[in-house]
Number of protein chains: 4
Amino acid sequence: MATKLKTAVLGATGYSGLELTRILLRHSRLEKPLLLRRPADNGGASDLADVFPALSGNGGYPLHTLSWPAMKEQGVQLLFLATPHQTSRSVVPQAMAEGLRVIDLSGAWRLKKEQHRAIYNFHDADSATAAEFTEKAVYGLPELNADRVANAALVANPGCYATSVILALAPLLKAGIVDRRRGIVSDSKSGVSGAGKEPTAKTHFVSVADNLSAYSLFTHRHVGEMVEQLGLTAQELIFTPHLLPIPRGILSTIYVHLNRKMAPAGVESCLRTFYSSKRWVRIFQTPTLPQVNFSLHTNYCDLGFCLADDGQRVVLISCLDNLLKGAAGQAVQNMNLMYGWPEDEGLQ
Amino acid sequence: MATKLKTAVLGATGYSGLELTRILLRHSRLEKPLLLRRPADNGGASDLADVFPALSGNGGYPLHTLSWPAMKEQGVQLLFLATPHQTSRSVVPQAMAEGLRVIDLSGAWRLKKEQHRAIYNFHDADSATAAEFTEKAVYGLPELNADRVANAALVANPGCYATSVILALAPLLKAGIVDRRRGIVSDSKSGVSGAGKEPTAKTHFVSVADNLSAYSLFTHRHVGEMVEQLGLTAQELIFTPHLLPIPRGILSTIYVHLNRKMAPAGVESCLRTFYSSKRWVRIFQTPTLPQVNFSLHTNYCDLGFCLADDGQRVVLISCLDNLLKGAAGQAVQNMNLMYGWPEDEGLQ
Amino acid sequence: MATKLKTAVLGATGYSGLELTRILLRHSRLEKPLLLRRPADNGGASDLADVFPALSGNGGYPLHTLSWPAMKEQGVQLLFLATPHQTSRSVVPQAMAEGLRVIDLSGAWRLKKEQHRAIYNFHDADSATAAEFTEKAVYGLPELNADRVANAALVANPGCYATSVILALAPLLKAGIVDRRRGIVSDSKSGVSGAGKEPTAKTHFVSVADNLSAYSLFTHRHVGEMVEQLGLTAQELIFTPHLLPIPRGILSTIYVHLNRKMAPAGVESCLRTFYSSKRWVRIFQTPTLPQVNFSLHTNYCDLGFCLADDGQRVVLISCLDNLLKGAAGQAVQNMNLMYGWPEDEGLQ
Amino acid sequence: MATKLKTAVLGATGYSGLELTRILLRHSRLEKPLLLRRPADNGGASDLADVFPALSGNGGYPLHTLSWPAMKEQGVQLLFLATPHQTSRSVVPQAMAEGLRVIDLSGAWRLKKEQHRAIYNFHDADSATAAEFTEKAVYGLPELNADRVANAALVANPGCYATSVILALAPLLKAGIVDRRRGIVSDSKSGVSGAGKEPTAKTHFVSVADNLSAYSLFTHRHVGEMVEQLGLTAQELIFTPHLLPIPRGILSTIYVHLNRKMAPAGVESCLRTFYSSKRWVRIFQTPTLPQVNFSLHTNYCDLGFCLADDGQRVVLISCLDNLLKGAAGQAVQNMNLMYGWPEDEGLQ
């Protein structure tokens, strides 16, 4: 068997970082990954099991301080970033200079258009370099960009909501059957892990339990990804996220008008054809619709739909696990593409 | 003080029936209500505390078998029906003949148009009488129909989802500022008590917890109420209900295009003016939006909105407690109107 | 009608403070209470509805900075403290000097014995005064200490767990039928609001949901209250609290050995006799046992039990709402006793 | 590689049956298992994905009717029963006659003593045969009975609560350091999947959410297993199960008095020594305690403890996933022992 790949994870102590680490540990093509604290966490825990006691009893998961020479010495070739956006923005130029390939789970490199990027308010030490990597970064949605991911040095792993919405809409939009002038609505709902591990008034159990709330109306940062990848104008898509009283999972209910009358079989065929060879998208057979818990703890994005009697109004349902297909699972799927491995290695 | 009113509740053992009973027991204008089992439950519990042990220790809540002579003897003047649709359809003609006023929490008498009623598949013993009461029944949404409710013999208490959607949309539609050709979407989410007390695979804890699911796409029974009350065609409204992993509460996220550019203050003014003298609708000040738990255990319908930068796309958020403003609370509000009492009597 | 009482609430922005404020607002014997920020929150919200938007739309709930002259000017006679322990410890001497009566919801004045108090590590500016008020403070468990509460200047409102355990055990212990040498176990479980409103890693939704955890084994601060009020030694009681994935409510499962064989009727009679005239304790009839949600949103403490076939081993179940009978409701019950009002005024 | 084993699962449509099927499908030593409907479900779904849509899109999982000739023809050698107790009681004699080895997840064959078995009220067609298999059946708790499991024809897979309690207590009891006369208490809490998939009033979401309830006090069926395996008398153990508002997971809080003073290190050493070579029991280092979600979706039983200052009172915390270590995972662990495979095959 070929030599195994050495990877590192910067930010293993967040929710996505933990899921990622778990997958990397059981991935047959990898050495045990090097786990690095976020720069802001230095002085913190020295073992990942101290942060997540669920890992106890399986031996150690030592956490190290980021050090480029140490990475080189250990032969790290691929670096995962499960870090805040600005941290990723700062770390990537150095990582590139070190000759590493990078899969970044943050929003730092996902957006090509300045108008979309503005919402992040990035501070770049060297704006020319930042512009260069912004240009080079490949948006890591494997179902759309597999070829470019395979050869990428820097993969910008998509946002969880964005993955959910783009995968549902891409087949219909690429087929040219959507009446875009009528506008598209994605009413999306996410579990709380999507809001990150930081304790806030918003993530307090008592605030979330027995509740549902909408937030970031017309202003969510993932909208930029959606419109860029789908070729839409900002006017053509309304995206409303909601906070669900569940730990993980996303369901997007997406409203589309077709520009012609179709039968349900036509719509289903459009979806099935688009994803015919794709391992991690499941199309549900009408009238069964995906539910959040069908794809939990898997790397699937589940798609279903219902067509109105008029043959023109479609409601799409798109579900995924925000920590897997919406983050860590998709990152591993991208790694598999980058190294020519089966797309489901480590993800079954 | 004037003589107190004697009421009866048929179906006190369901979720709405229990909430209703609790309110009636503390309502200052009422005698202790006569509690009646649903006909299908005869032979069942003899006291409501046997069904809901939470009521224990406050004295008895005897459950009786429905008997018209007994009701007459006890001086019952107002009958609440918290019964399945078909039961209400069967019971009302007799109740009317007995000279009772009726507030029916079921869907039996809400719909004027046969095309909407068809979905219920009612079986009427006497179709002429049924048609007569269908005609006479007043749709008991107090914020829209207060005058007619006041004089009604038969009030059809609105559906929970319908209340949520109609109250959000009525101000904009009546003001004529909605571009109806663009279509209206209501993406609504409800707690599990809305599905009733019957144990089913769908209401099993393990099916609902950590989950979210959409259901009844394009086919929910409350759509008829919405379009009849709002004067819409079925084509103009898409309604998608979802089952939330919470016991109670509804949040509707409603998407509307305006037929002119407006400022947020204009939209807010439209809502505030419409509900200026209404006790049980709260308009939230932008950018604060209602959340499900703000109105839980109250009779409020909470409304908020967000207007896109283009001044034409509006997202409305409408929240209420499905067992109160969506059922029992609204029934009491209707009773208060019917007897000329303050609209919040028993509901504070 | 007599002049209404003017009260103030220091710390209205916490969970208990909010519940308390809600009750005081609808209490028939009171003027609208004066709402005061915690000293640490000055500069914070100016209206309680900004902190709890659920209060929106009912007029204003202005929050003021603590000022003794302003309280005097407004005629405040009774001050509720819903403050951290040390804050209460600091504020009470001044309040007493101002001639106010005080009901303190914190743990500052509950414990008579230094050995129990040590766990709080109080810092008193004037230790003689502190000792004096420690001595004078009445432990405000109305079912045990009604007479002393009635005349108290300073009421130390009990802890939520302590209320749950003491009310269950007092009847059996006072009847002398417990074999204390065998040891008593209280395995108690609480909703998350008991941990306070501060966002922490422990109260993050993702940490609590789908989980259960035990904490503070052998070291919880409420044990001191339990043993002092019940006349036990620390060795005779093991208390284990657990964090439940629910917003509110406590269930204690309590294990006791009797020192003689008894029949279930004898145990039930012991409980019923002890609480025969008590409004806010409900004894459930065997074999029905209380559940957490029976007493939610009420001021009841619900008690039930099961006796083993051997007639000596008893399991008691004790349930209450930690924010009501375990905090704000009990505080109002104490106020009612202090002013000679019906014990359920404002609490029905 | 050796020929793969052919297995069958009777009752794949229940919660445990589904978990079991999922593990068997990915187990490297097995052919695809033959999935059989419970006899009572004949005429039901023809594919497991119809019952659990989460399985969709991975190819078919056909469900068959139980047929002994068909099993023989397909070369089935090992039969798993995920069936109601009485069904297992009826099916086992035939399976034994067919020469199959059986792992039964029900309670049918766990109890050796008639006095404990009485609670099940089994009806045996042939009482001599039933007595024979009752005698031959091996209680399949691998950490205690590995050798006997290895050679068993019929393995009675333990109850979920029983596994949790026995694994926590066995080390201390076998070491002879427990003062049994003081009595042992296990206060246990389980998620709702432990109550099975049948929709009932008790498993309705609205009954369980925001709630906690104790049940089956002194009468739970798993007590027989606990006392038989631990060598206790019924008087020496009180077991109280509670229903938690979570889908899965068990936490037992267990109270023990030692018959001598010990240091924490001594207790920890007792636990660690007992489980030193056991793959699926994790001992947590004081003061860290297991929580329910640490072992979810794993086959671990997690143990931790706290010792009082007096060195004699111990509280043990035992957590596991009721569907894995408490059912399907343990069944696979037993299979691994029966066929000489690594104990964690299929379970990592």
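It should be emphasised that the depicted structure is a prediction, and the values quoted were computed from it without experimental measurement.

Student: Can you break down helix 12 (residues 328–338) of chain B residue by residue, with the values?
Tutor: Residue and element names in this part refer to chain B. Counting buried positions along helix 12 gives 11 out of 11 residues, so the element sits mostly inside the fold. Those residues of helix 12 that sit buried are A328, G329, Q330, A331, V332, Q333, N334, M335, N336, L337 and M338. Just beyond helix 12, the residue with positive phi is G340, at close to 75°.

Student: Requested: an account of the side chain of H116 of chain C, with residues and values cited.
Tutor: Residues and elements named next belong to chain C. Within the secondary structure, H116 sits in helix 5 (residues 114–117). Under the relative-accessibility criterion, H116 is labelled buried at 16%. With near-sequence residues (within four places) excluded, H116 lies in contact with L111, G224, V227 and E228.

Student: Explain the relation of the copies chain C and chain D to me, and be specific about the residues and the numbers.
Tutor: Of the transformation superimposing chain C on chain D, the axial component is 0.0 Å and the angular component is 180°, with the fit at an RMSD of 0.0 Å. The operation mapping one copy onto its partner corresponds to a two-fold rotation axis. Using C-alpha coordinates, one finds that chain C approaches the rotation axis most closely at R182 of chain C, a distance of 3.1 Å. Interface overlap between copies is the fraction of interface residues in one copy that are interface residues in the other; for chain C against chain D it reaches 100%, indicating a shared surface.

Student: Account for the sheet that holds strand 2 (residues 34–36) of chain A, naming residues and giving values.
Tutor: Residue and element names in this part refer to chain A. Overall, parallel pairing links the 7 strands, which are arranged 3-2-1-4-5-7-6 in an open sheet. Across the chains shown, the open sheet's two edge strands, defined by having one partner strand only, are strand 3 (63–64) and strand 6 (138–139). Strand contacts of helix 1 (residues 15–26): strand 1 (7–10), strand 2 and strand 4 (78–81), with the helix running at about 165° to strand 1, the strand carrying the most contacts.

Student: Quick one: what's the story with the relation of the copies chain B and chain A, residue by residue and with numbers?
Tutor: When chain B is fitted onto chain A, the two copies agree to an RMSD of 0.0 Å after a turn of 180° and an axial shift of 0.0 Å. Residue by residue, 100% of the interface of chain B is reproduced at the interface of chain A, so both copies engage with the same surface.

Student: Quick one: what's the story with the packing of aromatic side chains, residue by residue and with numbers?
Tutor: Any aromatic ring pair is given by two values, namely how distant the centres are and how the planes are angled relative to each other. Per the stated rule, a full pass over the model turns up 30 aromatic pairs over all chains. Here the aromatic rings of Y120 of chain D and F122 of chain D are separated by 5.0 Å at their centres, their planes lie at 5°, and the arrangement is stacked. The same class applies to Y120 of chain D as to F122 of chain D, namely buried. Its end group placed over the ring of W280 of chain C, R279 of chain C keeps NZ or CZ at 4.1 Å from the ring centre.

Student: Talk me through the interface of chain C and chain D; I want residue IDs and the actual numbers.
Tutor: Residue-level contacts link 42 residues of chain C with 42 residues of chain D. Interface area, chain C with chain D, both sides summed: about 3,300 Å², of which 62% is carbon and sulfur. Between the two partners, chain C and chain D, sit 2 salt bridges. Note that K189 of chain C is salt-bridged to D187 of chain D, the shortest N-O span being 3.0 Å. On the surface where chain C and chain D come into contact, there are 24 residue pairs in polar contact (both at pLDDT 80 or more). For the side of chain C that touches chain D, the elements supplying multiple residues, two or more each, are strand 8 (184–190), helix 9 (205–208), strand 9 (213–214), strand 10 (237–243), strand 11 (250–257), strand 13 (301–307) and strand 14 (313–320) of chain C. Partitioning the side of chain C that touches chain D into residue classes produces 23 nonpolar, 12 polar and 7 charged.

Student: Tell me about the interface of chain B and chain A, and please be specific about residues and values.
Tutor: With 42 residues of chain B at the contact, the number on the chain A side is 42 residues. Carbon and sulfur atoms make up 62% of the surface buried where chain B meets chain A, a total of about 3,300 Å² over both sides. Connecting chain B to chain A are 2 salt bridges. Between chain B and chain A we count 24 residue pairs in polar contact (both at pLDDT 80 or more) in total. Elements with a minimum of two residues in the side of chain B that touches chain A: strand 8 (184–190), helix 9 (205–208), strand 9 (213–214), strand 10 (237–243), strand 11 (250–257), strand 13 (301–307) and strand 14 (313–320) of chain B. When grouped by side-chain class, the residues that make up the side of chain B that touches chain A number 23 nonpolar, 12 polar and 7 charged.

Rules behind the numbers
- Numbers given to residues run from 1 along each chain, matching the order in which its sequence is written.
- Naming scheme: in the order in which they are written, chains are lettered from A and ligands are numbered from 1.
- It should be noted that, the model being predicted, local features are given only for residues of pLDDT at least 70 and side-chain atom pairs only at 80 or more, the latter also being counted only at that level, while totals for whole chains, interfaces and linings use all residues.
- Hydrogens are left out, water is left out, and the side-chain values use all remaining heavy atoms of the structure.
- Burial classification: accessible surface area is computed with a 1.4 Å probe over protein chains only, and a residue below 20% of its type maximum counts as buried, one above 50% as exposed, and the rest as partly exposed.
- The secondary structure listing takes helices from DSSP runs of H or I that are at least 4 residues long and strands from runs of E that are at least 2 residues long, numbered from the N terminus.
- Contacts are assigned to residue pairs that have any heavy atoms within 4.5 Å of one another.
- The superposition of copies rests on a least-squares fit of C-alpha positions from residues with pLDDT of 70 or more in both.
- Being paired, for any two strands, means DSSP has found at least two bridges between them.
- For every element, the axis is a line fit to its C-alpha atoms; helices are fit only across the contacting stretch, and the angle between N-to-C directions ranges from 0 to 180 degrees.
- Side-chain rings of Phe, Tyr and Trp, where Trp is taken by its six-membered ring, are said to pair if the distance between their centres is within 6.5 Å; with planes under 30 degrees apart they count as stacked, over 60 as edge-to-face, and otherwise as tilted.
- Any Lys NZ or Arg CZ that is within 6 Å of a ring centre and within 35 degrees of that ring's normal is treated as a charge sitting over the ring.
- By convention, the term buried area covers the 1.4 Å-probe accessible surface removed from two parts as they join, with the contributions of both added.
- We count a salt bridge whenever a side-chain nitrogen from Lys or Arg sits within 4 Å of a carboxyl oxygen from Asp or Glu.
- Within 3.5 Å is the distance limit for a polar contact, defined as a pair of N or O atoms, with the added protein rule that one can donate a hydrogen and the other accept it, and that residues adjacent in sequence qualify only through two side-chain atoms.
- Residue classes follow a fixed rule: Ala, Val, Leu, Ile, Met, Phe, Trp, Tyr, Cys and Pro count as nonpolar, while Asp, Glu, Lys and Arg count as charged, and any other residue, Gly among them, counts as polar.

Nothing here speaks to function; it is geometry throughout.
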